[in-house]
Structure formats: C-alpha cells, structure tokens
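Examining the three-dimensional arrangement
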Amino acid sequence: MLEGKCKGWSICMSGFRDSNLEEVITSEGGKIVSGVSKKTTHLVVKDKSANSSKISKAKLLGIPILSIEEFYGILNN
C-alpha cells in the first residue's frame, strides 16, 4: 500500500466495528469519525441496502457509501 492513501479522509463505519480496518485507515493518514456530517468523506457499511440513519444522511449529503469489500478494494489499488 502507498503511504497516506487515506490522507484527508474522514471515514465513518456503520453496522460493524473492525479494529484492523481502523488501524489501516489511521496508519494511512485517515481519520475515523463516529457520525456522518458534511465533513465525512466516506461511509463504510456492512450492508448497503440497510436503512440506517447514517446511510440516509450520507445519501442526503452526497457522501460515497461503500461496502467493506469495496473499501478494501480502494485501499489495495
């Protein structure tokens, strides 16, 4: 992985906790946030078809919603 791949990203997770993923994000310069706001850059979810308040807010704000697998795909490219 390239250093700083998540630099400047504020990532929120919904429906799961993954300490390994959190460690990768922070080591790559990203930040883990607990809620979705206009400062959030990505929402990573367990189930994209779920109807959570975080997903609804991300859609409203135009924030990319990614599955865990899609997010790992971005990190590994």
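Residues numbered from 1 in each chain as written. Predicted model: local features only at pLDDT ≥ 70, side-chain atom pairs only at ≥ 80, totals over all residues. Heavy atoms only, no water.

Here's the deal with the sheet that holds strand β4 (residues 65-67)
With respect to topology, four strands assemble into an open sheet ordered β2-β1-β3-β4, the strand pairing being parallel. Each edge of the open sheet carries a strand with a single partner, namely β2 (31-33) and β4. Shown here is a sheet whose adjacent strand axes are inclined to one another by a mean of 35 degrees, direction ignored. Pairing geometry for strand β3 (residues 42-45) and β4, over three bridges, is parallel. For Leu-43, the partnering residue across the bridge sits in β4 and is Ile-65. Strand contacts of helix α3 (residues 68-75): β1 (10-14), β3 and β4, with the helix running at about 95 degrees to β4, the strand carrying the most contacts. (Pairing = 2+ DSSP bridges. Helix = DSSP H or I, 4+ residues; strand = E, 2+ residues; numbered from the N terminus. Axes fitted to C-alpha atoms, helices over the stretch in contact; angles between N-to-C directions. Contact = heavy atoms within 4.5 Å.)

Thoughts on the environment of Trp-9
By the secondary structure assignment, Trp-9 is in the segment before β1. Residue Trp-9 is classed as buried on the basis of its relative accessible area, which comes to 19%. Residues Trp-9 and Ile-63, 54 residues apart in the sequence, show an inter-C-alpha distance of 12 Å. (Buried < 20%, exposed > 50% of the residue type's maximum accessible area, 1.4 Å probe, protein only.)

Section: the pairing of β1
Among the five residues in β1, five count as buried, and that is most of the element. Here β1 shows no split at all, with Ser-10, Cys-12 and Ser-14 on one side and Ile-11 and Met-13 on the other all buried. Both β1 and β2 contribute to a ladder of three bridges, which runs parallel. By the bridge assignment for β2, Ile-11 is matched with Ile-32. Regarding the hand of the β-α-β motif, the stretch spanning β1, helix α1 (residues 19-27) and β2 is right-handed. As judged from the four bridges shared by β1 and β3, these two strands associate in the parallel manner. Bridge pairing in β3 places Ser-14 opposite Val-45. (Right-handed = clockwise from strand over helix to strand, strands pointing away.)

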